[in-house]
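Here are the chains, one letter per residue:
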Amino acid sequence: MGQDSSSSSDQQSEIIRHSCCYCLLWSQRQRNERYSFIHRTCNDSHVPLEEYAENLKEITRHLASAGVSADRVIFITPPPVHEPLWEKECILKGCALNRHNSTAGQYTQACVQAAAQCGVDILDLWTLMQKDGQQDYSVYLSDGLHLSERGNQFVAEHLWRLLESRVANLPFILPYWGDIDVKSPESSLLCDQ
């Protein structure tokens, strides 16, 4: 994995090219904490399922060798494919429908199984987007395959919930802001209470 050593940012994105597939790893580094989100898309459907699952496991092993423990890795499944919308895009490009929701479901299942085998959390977009019975899941897809703005918001909301569940029980290092004495903040911040 390449790193930009000139970057002083706390956030870093890395791209791994693995067996003809690209995988975006987003890491947040803060006080030696690093989370990696592995999102493989429907564009990976040309890779055999077994190889796809093995690639996910290999990426997890690679992260572990770089000091990222399994509790800091989250797999994100492909979203569903809305075939009628994607077919319109394909026709505009002069080709036949080349992605199917059932295939995305197979890759989702492989991702879920790989996550269980690796001991990492999973954000199952394929299932969650189709379970949201309030509306048709096509609103989450700009063209039937790729996430729309609303789809990206959906991912962010669900990912945030998953992250919050991981840090909810961490102790407070500093007092709650409302407990700080505004006339003498040092006494609130420097003393054991």
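For the structure, see preceding data.
Predicted, not measured: the structure shown is a model, and the values here were computed from it.

Asker: It is not clear to me how the overall build of the protein should be interpreted in this structure. Could you clarify?
Answerer: Broken down by element type, the protein carries six helices and five strands. Taken from the N to the C terminus, the helices and strands of the protein come in the order β-β-β-α-β-α-α-β-α-α-α. Counting contacts in the protein only where the partners sit at least 6 residues apart, residues at least 24 apart contribute 58% of the total. For the protein, the computed accessible surface area is about 11,800 Å², with 53% contributed by carbon and sulfur atoms.

Asker: Help me out: how do you make sense of the pattern of salt bridges in this one?
Answerer: Scanning the entire structure with this criterion turns up two salt bridges. One salt bridge in this structure joins E58 and R61, with 3.0 Å as the shortest N-O distance. Of this pair, E58 and R61 both sit in helix 1 (residues 49–65), three residues apart, which is roughly one turn of the helix. Take R61: its relative accessible area is 43%, and that puts it in the partly exposed class. One network of salt bridges, in which partners are shared, links E54, E58 and R61.

Asker: Where do I start with the pairing of strand 4 (residues 73–76) in this structure?
Answerer: Regular strands place their side chains on alternate faces of the sheet. Side-chain alternation along strand 4 places V73 and F75 on one buried face and I74 and I76 on a second face that is also buried. Bridging between strand 4 and strand 5 (residues 121–123) involves three bridges; their strand directions are parallel. In the strand pairing of strand 5, F75 is matched with I122.

Asker: Any chance you could explain the side chain of K57 here in plain terms?
Answerer: By the secondary structure assignment, K57 is in helix 1. Notably, K57 is buried but unbridged: the nearest opposite-charge side chain belongs to E54, and the N-O separation is 4.2 Å. Every residue in contact with K57, bar those within four places of it in the chain, is listed here: A114, Q117 and C118.

Asker: Is there a simple way to explain the side chain of T108 in this structure?
Answerer: Here T108 is to be found in helix 3 (residues 101–118). For T108, a relative accessible area of 2% puts it in the buried group. Ignoring anything within four residues of it in the chain, the contact list for T108 reads T77, P78, D124 and W126.

Conventions adopted
Residues numbered from 1 in each chain as written. Predicted model: local features only at pLDDT ≥ 70, side-chain atom pairs only at ≥ 80, totals over all residues. Heavy atoms only, no water. Helix = DSSP H or I, 4+ residues; strand = E, 2+ residues; numbered from the N terminus. Contact = heavy atoms within 4.5 Å. Areas by Shrake-Rupley, 256 points an atom, 1.4 Å probe, with all protein chains shown as cover. Salt bridge = Lys/Arg side-chain N within 4 Å of Asp/Glu carboxyl O. Buried < 20%, exposed > 50% of the residue type's maximum accessible area, 1.4 Å probe, protein only. Pairing = 2+ DSSP bridges. Lys, Arg positive; Asp, Glu negative; His and termini not counted.

These figures capture arrangement, not role.
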